[in-house]
Structures are given as C-alpha cells and as structure tokens.
Amino acid sequence: MLDSLDPPESKKPKLSEEELIILKENVDFPGSTENKKSRLSGEEFIKLKESLRERKKRFSIIPRLRLLSAGENASLTVNVDSQDRIPIFLNDVQHLLMYSMLGHHATYVPDRWCKLDKYNKVSHAVVLIVDGLSVRHYLLNESKFCYLKAKSEHSLELITPAAYGGSIVEELAAVPFSGSQKKNLINKYGSLKNAVKVNGDIIKLLKKIFPMKSAPKSEKGDNSNIGLPSTDQFSRTELILSPYQLIEENYPIPLKGGLAKKYVDYVLTKDEYDEVNSKSPMFGIDCEMCRTTIGCLELTRVSIVDEKLDIVYDTLVKPDNKITDYLTQYSGITEMMLENVTTKLSDVQKFIKEFLPANAILVGQSLNSDMHALKMMHPYIIDTSVIFNITGDRYRKTKLKTLVQEFLNENIQKGRSGHCSTEDSQASMKLVLLKLANSIYFGDSILMDQCQTYSYESMYKKDNRNFHQNQKQMTTFGSLIFNHVTKVKTKTAAIFGCTDVLNDYSKIMKNSTLNIMEDKEFGKGDNVRLAVVNSNKEAVSRCSEVAMEHALNFCHVKFSEDQISEENLDKTINSVDKWVKKLWKHTAFNGLICVIFSGQSSSNGACFLSIKKNTDIDLEQV
C-alpha cells in the first residue's frame, strides 16, 4: 500500500524504506478510518521529504564502533562469566585511538578485535585513565557506575601493565612499529638503552603469563651485557613473538578466562622457565598430523633439531583416537608406518619437558599448529612465517618451501610422498640462523621498506653536524602516540593530571622533538598541552574545558590505596561516575570516549568505549 502513496502535484518519489515508515506515521491512507489525518499538501510533503533525507544524511556520517570476535570474547556484557572472557591488551586500545585519529595512515589498525566505520568522522578522542580501579571493582559495584554503564557502548576486560609491574603511561603512549621492529629500529638508530627496556617489558608480561624465575641481578633487564654468539649480528630475543603476537597468531598460552577452558588439557613445556637472553639455545620443531575420529588433527610424528641441525628427537606417535585420514600427501605418514608404534602423546610431552632447557627458544614455520598438536604451551617462540615476509602484507604468509627456495636456494618437500618433519625443522632453523647472521631487516620486505624510508644516507649523511640530534629524533619518531597524531598539522594533543602523573609522561617525552607547552602558555604552533593540576577533580574540570580544542586528550586520575579501601570505595566510585558524566557533556558529537581502569596486580583492568552521537540524550532528560 505504501507504494501507491502519491504526493499531490507531483509524480511518485523514490523513498527509502526508512523514509516510507516515517512517512506512514505522518500521512493517512485512502480508506483508513483509524487516526485519520489530513493529507499533506505538495509543499508540506516536499518539506517532510527533505527533512527525512537530511535525517538520513546525518545518520550516514556517524562513526560506528563494533566488536569483532576477539572483542566480543573480552566483553563484560556478552561474557558475564569471567571464565568465558579472553581479555584484550592495552595495545589494542592504543591501536583504536591511533586509527580514530589517522585511519589507514596509522601504524596499526584495530582489526584484530574491532571495526571503526567512518573513522574520518570522529571529531576527537577523550581518554579518562583511572589509575587504581580494576575490572573487579566495576563488576562488584556495577549498579553504582550509573552513568558509565549507561553511556558505554562496549565494556571489555583488559590486560594492563599493572598485572606485571609495568607502566600504563609507557604502554599506552609508546607506539611500537611492529613487535620486534620497534626494538630494532630504536637500536639501529642509537638508543640501545631503550631497546633493552622494551625487551624487558615483554619479559615482564611473559612472567605474568608463564611461571618464570627472575634473572640474576647481573643479567636482569640488560641482555646487552651477556654478549652475542659469534654468528649473530643482533640478539635472537628480538625475534621472539610478544604475548600479543602469540594470541594474534593463535598460539596456546595459559591465560585465564575462556583460553583456560580452551586449553584445559594442554601442558607447559617446563614447570618453571628462566628468562631468555641473547645466548639462549634454539631448537627447531616440526610435527606431522593425521585426522582422527574426533574430527581434529592429532600428532603422528615430531622432530626436534638443535642449532647445529643435529636431530635430537624424532619419533612416530600413535594417536589416542582411530585415524580416518592419514593425509599422506602432506604428512608423509602411512598406515604401515604406525602399525607397531606404541609412543603416545603423553610420552612426547614427558620427553620435551625433561629435555628442553628452561630458557629454550622454539623455532618453526607456523609453529602454532605444531604446539596445538603437541598440546603444549611455551613462552619463547620464533616463527619463520612471521619474521620472513616477501608479500609486503603482514597477514599474508609465505610457505616454508618458498622461503627455503628464495633464501637458501634449496628444494624441500619434493615429490608426492608428503613432508618430512626433520627436513622442515632443519629448514626453519637454517632460515633463523641466516637472518641472525645478517640483520633484522633480512628477508622481511616490510621492514626493508621501513629501513629505506629511514635510511642513514637519506637522513644523516648529508649533514654530519646534526648527526647526534638526528639520532635523538629517530629514537622518538613514531615512538609516541602524540608524534603520530600531531603529524597532521591541524591536530594537537593534551595531557591532564597531577604532578606525579605528569612526571611519568614527562619521562617518556624528555627526548621528544614535539613542541610541548604548559597549559597557560599553550598556543599556535605547539603540539602537546601539559596541564598540571592539584587534584583529580581539577584534572577532569580542565580537560572538560579545553578537550574540544585537541584531537587527543589524556585525562589521567590516580587513586591512593586509602581512596580505594572498602570504607572509601563508594565515594571514589561516585566521583569517577560524576567525572565520566562531566567529560561526556563536554565532548563533541562524534567524539570517541574511552575510560580505562588501570587494573591491579591481582585483577585485570577494564575499558569502556563509546562514540557520542547527536541523537544521544543525557540521562537527566530521560
């Protein structure tokens, strides 16, 4: 019937379904006796039509933030039971902030866990960092966070540096280039101290996840004192996947929540680990699998080689379930080969636990599938499918056979009889040894592009007098989120907090080439505003006054142990909720609002995200 509705004095318009529904509410239909209205005149109809289209246009330019699978796994509303949640990392939030400011020009995008549609319509970002509160505080007092809960589109559990004694300021503000790339670019351009510190942060996070002994005082936090093997040009620790990469590459790791359920029957390769260093031994591993009656792949062969390419372990394995497909063309395994085999998966696990040193580095091509076949978890992994890249796309992996042909000029996996696990494990080890003998850039087209962009010849050779200053610029270029945001000339950033909080930001910005100015002196040409205040309340008030002037705002409040004690917690929660309300009211439409609870050593943090839309109505008006 809607299709038969014609406006007087004109032909039938082409309206969208949404426009027709709204139109139906304003216009009567021939023969209708319910809620009879006078038909619109031609001019009134045209005005209504224009109004509808204007409304549709407004909706079409509103940014939209939606969670992907990894985000939903961390959601406090989707996964109410903590055992079902798999937290995201603080780096994930950082990537979202970067993308909201720079879009596809950002060093990282948040596609691992969320999608931000129409990023270029985000007006600015306001980040409230609440130092002292955790996800436990929120969940136990959810009803008291009235405004925060009402305004948050997404609430997620977050692994923060508080869990492993790190700094939330450094991890949120310092932007890596890409895993090991950050450490090596900084190292290449003259700041080994910073590179060591970054590596130390990775070890801290691994120590939170895996049972790990502390390194001797002489080694702690400074692997540079250990020296390199004569064959290596840089530390092998720089190739180790970070915990973030382990999750991204689908490696089994012993995190709490949903992952704990998923890997309940997995075992650690050691009961306790030593801290890895530049001389930690490497072992290449490769497994072959067959399909069984449970529908999954089960282990049928495992091979381990050392750095000399000597085979230290090679055995066939009898799966616990009946084999339905030997996958011989891939695995090389036949029914006859397994006929008299008695070795079980548990026997392999026992050998590996006893054989591997506590600081062993495991090497392999897409080793995640092998670790799943072994049903084992290990903290130190070098994955040749990650450290070698000839596609120019970080997410497009190259087959081991192709890498071996390209870089070793050898042929493996020949014929139709399937793969050989000893051959593949040796090939992976050869590739890693070759890379260590050259440079971090070797075999990685993405890093080579970066290297050429920031080459010595193009940046330094022309002006040796400014060499030292350029080195200092290089260590900070791209290393701070504020550098990235303010590369766009029209965009500036601001940080609000008490003296002790601002001191933490000042430490990481002391060598920055940004124009950093105190609050009252901030003006045209300055990049970052530093607003030092006397209280948390003042920090929020000042941020609310000037937040719309800046593309990125960090309002960092910090609570003492006494303020989050049982007797004072209600007052603290009430203050936080009021501050969220104040910042919300003073955020521009299409602004991204992010509230971060820093977490504690005993409890993860939390992240609350929302985009303010011009269709939103304040609570007091409801």
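Residues numbered from 1 in each chain as written. Predicted model: local features only at pLDDT ≥ 70, side-chain atom pairs only at ≥ 80, totals over all residues. Heavy atoms only, no water.

**Q** Give me the lowdown on the sheet that holds strand β4 (residues 125-131), citing residues and values where you can.
**A** Read across the open sheet, the nine strands follow the order β2-β5-β19-β18-β4-β17-β14-β16-β15; overall the sheet is mixed. Since the sheet does not close on itself, it has two edges, and those belong to β2 (88-89) and β15 (516-518), each with one partner. Bridge analysis of strand β18 (residues 592-597) against strand β19 (residues 605-611) gives six bridges, and the strand direction is antiparallel. When the bridges of β19 are listed, I593 appears paired with S610. Strand contacts of helix α23 (residues 536-546): β4, β14 (493-498), β16 (528-533) and β17 (552-558), with the helix running at about 165° to β17, the strand carrying the most contacts. (Pairing = 2+ DSSP bridges. Helix = DSSP H or I, 4+ residues; strand = E, 2+ residues; numbered from the N terminus. Contact = heavy atoms within 4.5 Å. Axes fitted to C-alpha atoms, helices over the stretch in contact; angles between N-to-C directions.)

**Q** Hey, could you go over the side chain of E288 for me, with residue numbers and the actual values?
**A** Among the secondary structure elements, E288 is positioned in strand β7 (residues 282-292). The side chain of E288 sits in the buried core without any salt bridge; R301 is the nearest counter-charge, 6.0 Å away. A polar side-chain atom of E288 sits 3.5 Å from the main-chain amide nitrogen of S421. Beyond its immediate stretch of four places on either side in the chain, E288 contacts E298, L299, T300, R301, Y330, S331, I333, H419, C420, S421 and D424. (Buried < 20%, exposed > 50% of the residue type's maximum accessible area, 1.4 Å probe, protein only. Lys, Arg positive; Asp, Glu negative; His and termini not counted. Salt bridge = Lys/Arg side-chain N within 4 Å of Asp/Glu carboxyl O. Polar contact = N/O pair within 3.5 Å; in protein donor to acceptor, adjacent residues only side chain to side chain.)

**Q** I'd like to hear about the packing of aromatic side chains, residue by residue, with values.
**A** Between two aromatic rings, the relevant description is the distance of the centres plus the angle of the planes. Going through the model one piece at a time under the given rule, you end up with 17 aromatic pairs. Ring geometry for F482 against F554: centres 5.5 Å apart, planes inclined by 65°, an arrangement best described as edge-to-face. Of the two residues, F482 sits in helix α21 (residues 481-485) while F554 sits in strand β17, which places them 72 residues apart along the sequence. The class for F482 is buried, based on a relative accessible area of 0%. Under the relative-accessibility criterion, F554 is labelled buried at 0%. Three or more aromatic residues link up through ring pairs in this structure, and these residues are Y138, F145, F597 and F608. (Phe/Tyr/Trp six-rings, centres within 6.5 Å; stacked < 30°, edge-to-face > 60°.)

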